[in-house]
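Coordinate analysis (summary)
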Amino acid sequence: MPTHPMPEFGSFALLLALVLSTYTLVMGAVALWRSRSQSGIVAGGSGAGRLGETARRAGIASFIALSCAAFALVWAAFTNDYSVSYILHHTNRDLNTAYKFSALWSGQEGSLLLWAWLLSGYGFVLRIRHKIDVRLSAFASTILAGIQVFFLLLLNFAAPPFAIQPGPVSPDGFGLNPLLQYPEMVIHPPMLYLGYVGFSVPFAFALGALMMRYPGEKWIHITRRWTMVTWLFLTCGIFLGAHWAYSVLGWGGYWGWDPVENASLMPWLTGTAFLHSVMMQEKRGMMKAWNVWLIFSTFLLTILGTLLTRSGLVSSVHAFAQSSIGNWFYGFILVVFAVCLFTFFKQKDHLKSENRLESLVSRESSFLFNNLILLTACFTVLWGTLFPVLSEYVQGSKVTVGAPFYNRVNLPIGIFLLFLTGIGPLLAWRSTSLRSIRRNFVLPCIAMAVTFAVVIACGVRPWSAGDDARSETFSLITFTLASGVITAIAAEFLRGAGVVSTQTGKNLLASVILLTRRNTRRYGGYIVHFGIVVMFIGIAGGAFNQSHEQEMGFGDSLTIGNYKLVCQSFTQDTNPNYDTEYALLDVYKGSKKVTQLAPERRFYNASQTTSTMVALRSTLAEDLYVIYEGKNPETDKPIIKVFINPLMNWIWIGVLIVVLGTFLALVPNLTRVPAEARVAVPLPVQEAEVHHV
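Owing to the predicted nature of the structure, the values given are computational and were not obtained by experimental measurement.

Secondary structure assignment for the protein yields 19 helices and 12 strands. Taking 2.2 N^0.38 as the reference for a compact globule, 693 residues should give roughly 26 Å; the C-alpha atoms of the protein span a radius of gyration of 28 Å, in line with that estimate. Taken along its principal axes, the extent of the C-alpha atoms in the protein is 85 × 75 × 55 Å. Excluding contacts between residues fewer than 6 apart, the proportion of contacts in the protein whose partners are at least 24 apart in sequence is 71%. Taken as a whole, the protein presents about 29600 Å² of accessible surface, with 64% of it coming from carbon and sulfur. Each charge sign in the protein was given a centre, from 50 positive and 37 negative side chains, and these centres are 16 Å apart.

Put into structure tokens, the structure is as follows:
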């Protein structure tokens, strides 16, 4: 029996949430069915309306019940209630307070509870804001309830987080996985899950709109902010995970094409494609069926990602939980896919495009190519991730798909995406004239030619023989294209700001700010593109990485690039949670000492496992990355491995710029400008459309 009443309280809260969610699903569906008019649109009859209202309130109450369950699990962690099996296996008495909180999502049961709780939170907001469109919200609310019932069935019957530990209970707990005891892991999983779970909302709106043959594109306008916020959370989650891998795993990189990394990347790729192609539907009434399947696929990939992360289906350094819940997920994915397929074929006449592609040199074609490239990348990643599982099922032996496969396929894809990032915004809707192409592409082409010459002058030799030629070619193309894209984006801002400045008398900076505030979606999007380009520059820097490894006794030195590291001492320390040993290394650049680094290795007592803590000297130009790999048992000397990673910070700065641009795109435009005060901005697409700021 539990030593604390909170586990019983948590179990009851989960059961209550299941009852409430089931009521929301069943009664919501009955209300929608009863209130259908002959045209298939919900009419909102009084009896059905009251029933639908009770379903909505039950959905709201399920959020409260799940909040109580999440609170009960955190409480059990903080009170060291090891009668709860989950708490026993994922915490220990001396664990840092922040990591006790993060224990909520460190294991299978807790992470499923987090999934269900976040979903109920999204549902809570949707149900509170239901008056924006009552009929469509009722459909979306019912569909969300269906997803929530699945996760609550798992929590109540397959993976209960409040299961009681049988037999004698350890007084101290078995501890949290050492890889998770890092500050970023307190926020990385919630960010990732906010992205994963958030895509349920646009999925529910898309499926609901298709079921009720919702007229027009209003459902897209309603869900646009949901989708962008979700995409932003997923972006932050992915790059926090990459930064964690860089700082903790100690292999000198940030992305290893690990199956669980891939699981988060796939819905990001399809979600990015959706955010682009949805503009085709808004502007030109095109790609309606395509967009519906993009959002369906994105949601299904989030479920697949949860399966990969939590079931142990694939081997991964990120898979912190394993169990037999895979069959539940297989069944759920099949059911969701069948519902999507049935609804699509039943209503596909509702998804006819209003226009056709008129020219390959147009904004529409750039969006189309953008989508095809992103989906190709997604399929490549999906194939590489699942191929080991398929090979084991068919041949009985698991075949590993390594990073070279992904790099060989995705590097050209990435370069083509960078190319489209630059030219897409410069093309006009419907068709682009030669005059427009000449005017808008001159400056970017000049910038690319100058950059190409400068990079060659700096010593990059892609034509030279050797293993580095391929990566140097990639970096040369990336730097060259990046300069063209940045020039094109800057020209867009300056062109618009110049006109605003002429009309308002403001200086250039104030005009840029005013221009951005008047069309936050467009110019926020440009800033997002700029951030992506900065990230590409950082990734291209990887072509010039250096590494060196050697044993270092007291007073020994190691030279790499312009750095010289001198060993000053080796020290051991201990605290209640772990023992540690680390090296103190003075770092010289030339004859000047620039810093002292202390790479360390920890031994966690509760889990009897070790973990590496990387030491970094980080600048805009490069990272000096130092790992303490342990002692050579024969010489008793520590082994130190050092990397120089050029331009690494550009990746993280690029992410921050992407976040800033997305926030800007979410901000409503400045109050509407009176018609007489509007200024016509000479866009590159001006012969096809006139845009006002």
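Taken in spatial order, the 4 strands of this open sheet run β1-β10-β9-β8, and their pairing is antiparallel. Every interior strand has two partners, whereas the edge strands, β1 (546-551) and β8 (615-618), have only one. Averaged over all neighbouring strand pairs, the angle between strand axes comes to 15 degrees, with direction disregarded. Sheet topology note: the β1/strand β10 (residues 638-646) ladder contains 6 bridges and is antiparallel. Bridging from a neighbouring strand, Gln550 pairs with Ile640 of β10.

Turning next to the confidence of the model for the protein. With 92% of its residues at a pLDDT of at least 70, the protein reaches an overall mean of 86. Model confidence for the protein, summarised as mean pLDDT per element, is weakest for strand β12 (residues 691-692) at 40 and strongest for helix α19 (residues 648-666) at 95. Per-residue pLDDT stays below 50 along residues 38-44; that stretch engages in 14 contacts with residues further than four places along the chain or on separate chains. Contacts for the low-pLDDT stretch residues 681-693, under 50 throughout, to residues beyond four places or in other chains number 44 contacts.

Quick look at the environment of His548 now. Summarising the element assignment, His548 is placed in strand β1. Its relative accessible area of 32% is what places His548 among the partly exposed residues. Separated by 10 residues in sequence, His548 and Leu558 have C-alpha atoms that sit 8.4 Å apart. Contacts of His548, omitting those with residues within four sequence positions, involve Leu558, Thr559, Ile560, Ile640, Lys641 and Val642.

What follows concerns the pattern of salt bridges. Opposite charge on two side chains permits pairing when their charged atoms draw close. This model, assessed by the stated rule, comprises 13 salt bridges. For Glu53, the salt bridge identified is with Arg56, shortest N-O distance 2.7 Å. Highlighted residues: Glu53 and Arg56, both in helix α2 (residues 46-78), separated by 3 residues, approximately one helical turn. With a relative accessible area of 24%, Glu53 lands in the partly exposed category. The partner of Arg213 in a salt bridge is Asp349, and the shortest N-O contact between them spans 2.9 Å.

Calculation criteria
- Residues numbered from 1 in each chain as written.
- Predicted model: local features only at pLDDT ≥ 70, side-chain atom pairs only at ≥ 80, totals over all residues.
- Heavy atoms only, no water.
- Helix = DSSP H or I, 4+ residues; strand = E, 2+ residues; numbered from the N terminus.
- Rg over C-alpha atoms; globule rule 2.2 N^0.38 Å.
- Contact = heavy atoms within 4.5 Å.
- Areas by Shrake-Rupley, 256 points an atom, 1.4 Å probe, with all protein chains shown as cover.
- Lys, Arg positive; Asp, Glu negative; His and termini not counted.
- Charge placed at Lys NZ, Arg CZ, Asp CG, Glu CD.
- Pairing = 2+ DSSP bridges.
- Axes fitted to C-alpha atoms, helices over the stretch in contact; angles between N-to-C directions.
- pLDDT = per-residue confidence, 0-100.
- Buried < 20%, exposed > 50% of the residue type's maximum accessible area, 1.4 Å probe, protein only.
- Salt bridge = Lys/Arg side-chain N within 4 Å of Asp/Glu carboxyl O.

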